[in-house]
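Now for the letters of each chain:
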Amino acid sequence: MIAFAIRKGVSLRAIAPCRMSMLQAVHGVRRGYVTPSRPSPADHLATVSGVERDGPLSNDQLLERVFDKKEVTRSANRPIYMDAQSTTPVDPRVLDAMMPYYVEQYGNPHSRTHAYGWETESATSEARNHVAELIGADSKEIIFTSGATESNNMILKGVANFYRAKKNHIITTQTEHKCVLDSCRSLQEQGFEVTYLPVQSNGQIDLDTLRKELRPTTSIVSIMTVNNETGVIQPIKEIGDILKTEGHELCKQLGKGVPKPFFHTDAAQAVGKIPIDVNEAGIDLMSLSAHKIYGPMGIGAAFVRRRPRVRLEPLMSGGGQERGLRSGTLATPLVVGFGEAARIAKKEMAFDHAHVLALSKRLRENILSRVEMVLLNGDPDGYPGCTNLTFQYIEGESLLMALKDICLSSGSACTSASLEPSYVLRALGLDDANAHSSLRFGIGRFTTEQEIDFVCDKIVAVVQRLRDLSPLWEMVQEGIDLNSIQWSG
């Protein structure tokens, strides 16, 4: 249907207004905090707009329904989405920009001999410019990848292996994303030395500890900008200054021409949400992901500074695309979508942040004023769109199971298969019980006040019900210190 619209010269903006998903546009329904998702069996026997549902609708019928905005009766409900740190919905404006490169302008952007290649190369160049402008970089410093996980692997392993003759030390933190920690462990197995910096109770590193751990042989320092579980914002500019001054002085011990420790930051949760300028912050390498900023999944980028030049040993061999660092044909629709998402994020960042801040304040004040013994994890002044709360004396998984109509998370989506309590929360000082009792609330561009109010009312009711069933809660209410009890087994 979308391809049909494009061939007829119809803009997808007519089909998908910026605050309405494609599916909602098709059915003419604005998304509420409880929205129909799929038809009941009885609906298959019903008539829709005078057409029997005994087969698929034609493109003409679908377009007619879109433009007439005829409502379709459906019975099941979609849960409220509050997991914006795991992924975000594609902004309809992004999808609008992508679609022509699936159905009309489908050339290989590396084909230099015909118009199909020229037009897609131009589109990818424009997208590269948008991504670069979002972080204050030069477009030649943007390397497209499949996402932040690939970028993190490429940067950490690439820098470590290129400079290993003189430098074999890496610094990161205990609260990094799992792909960073696993990359560091892999490098340790190859003989590299890795220092995992602890964090304070507010989730930030101690800058004096960083200074003490720096060595002449430190090749790279990797510290994420915004934590994906707690929203803690690290002092990025201060870290960059330390590496440019004290790190540079230490490297002089190895002789002339040895570069300072490079500063890498995983900014997947920060880019497009808070202002970042790689030059002001002294960042040499950065990992980005499109689907965290209302772009498509499967596309990300690595910022690799050119002056002073940062050298990487590429992980993949091939045609030498992306400055020889990431060979392979670029997926033009995804790249275009990433570029459009970056353009929108830069343009609407102040509005989005104010919107998210207001909703986050509404959520915290509502829950904390109505439920006792709730902990706010991390820095209260962190990114407001990521709020992590511990509901003491309740099992987090039980709470999630009781909230079927709300999409929440008890930690990173990349470690959700693990039954272990969050290593991020444990690094902040939480014990296993409190770490297991925590939920992450992800608020985004399309979250509404009605959704926040619904979530708060539901959380309060469910927490009260689960605590009423908990013998531990009853003991606490009676003034018994649970730490004084010697549990059998």
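Residues numbered from 1 in each chain as written. Predicted model: local features only at pLDDT ≥ 70, side-chain atom pairs only at ≥ 80, totals over all residues. Heavy atoms only, no water.

**Thoughts on helix H7 (residues 115-135)**
Between the first and last C-alpha of H7 there are 31 Å, a value that for 21 residues agrees with the 30 Å anticipated at 1.5 Å per step. Considered for burial, the residues of H7 that qualify are Gly117, Thr120, Ala123, Thr124, Ala127, Arg128, His130, Val131, Ala132, Leu134 and Ile135. Each element contacted by the buried residues of H7 is listed here: helix H6 (100-103), strand S6 (142-145), strand S11 (285-289), strand S12 (300-304) and helix H12 (332-370). Positive backbone phi, at 75 degrees, marks glycine 136, one or two positions downstream of H7. (Helix = DSSP H or I, 4+ residues; strand = E, 2+ residues; numbered from the N terminus. Expected span 1.5 Å × (residues − 1). Buried < 20%, exposed > 50% of the residue type's maximum accessible area, 1.4 Å probe, protein only. Contact = heavy atoms within 4.5 Å.)

**Notes on the packing of aromatic side chains**
Within this structure, the stated rule accounts for 6 aromatic pairs. On the basis of an interplanar angle of 50 degrees and a centroid distance of 5.3 Å, the ring pair of tyrosine 106 and tyrosine 116 is categorised as tilted. Here tyrosine 106 is found in the loop between H6 and H7, whereas its partner tyrosine 116 is found in helix H7, with 10 residues between them in sequence. A relative accessible area of 53% means that tyrosine 106 is categorised as exposed. For the pair tyrosine 294 and phenylalanine 446, a centre-to-centre distance of 5.6 Å together with 90 degrees between the ring planes defines the contact as edge-to-face. Here tyrosine 294 is found in the loop between S11 and S12, whereas its partner phenylalanine 446 is found in the loop between strand S16 (438-442) and helix H16 (449-468), with 152 residues between them in sequence. Phenylalanine 446 shares its class with tyrosine 294; the two are buried. An aromatic cluster is defined as three or more aromatic residues linked by ring pairs; in this entry it consists of Phe162, Tyr163 and Phe262. (Phe/Tyr/Trp six-rings, centres within 6.5 Å; stacked < 30°, edge-to-face > 60°.)

**So, the sheet that holds strand S13 (residues 374-377)**
Read across the open sheet, the 3 strands follow the order S13-S14-S16; overall the sheet is antiparallel. With partners counted over all chains shown, the strands left at the sheet margins are S13 and S16, one partner each. Each strand axis lies, on average, 30 degrees off the axis of its neighbour in the sheet, ignoring direction. Bridge count between strand S14 (residues 386-391) and S16: 5 bridges; the pairing is antiparallel. Paired with leucine 389 across the strands is leucine 439, a residue of S16. Its contacts with the sheet put H12 on S13, S14 and S16, and the angle it makes with S14 is roughly 10 degrees. (Pairing = 2+ DSSP bridges. Axes fitted to C-alpha atoms, helices over the stretch in contact; angles between N-to-C directions.)

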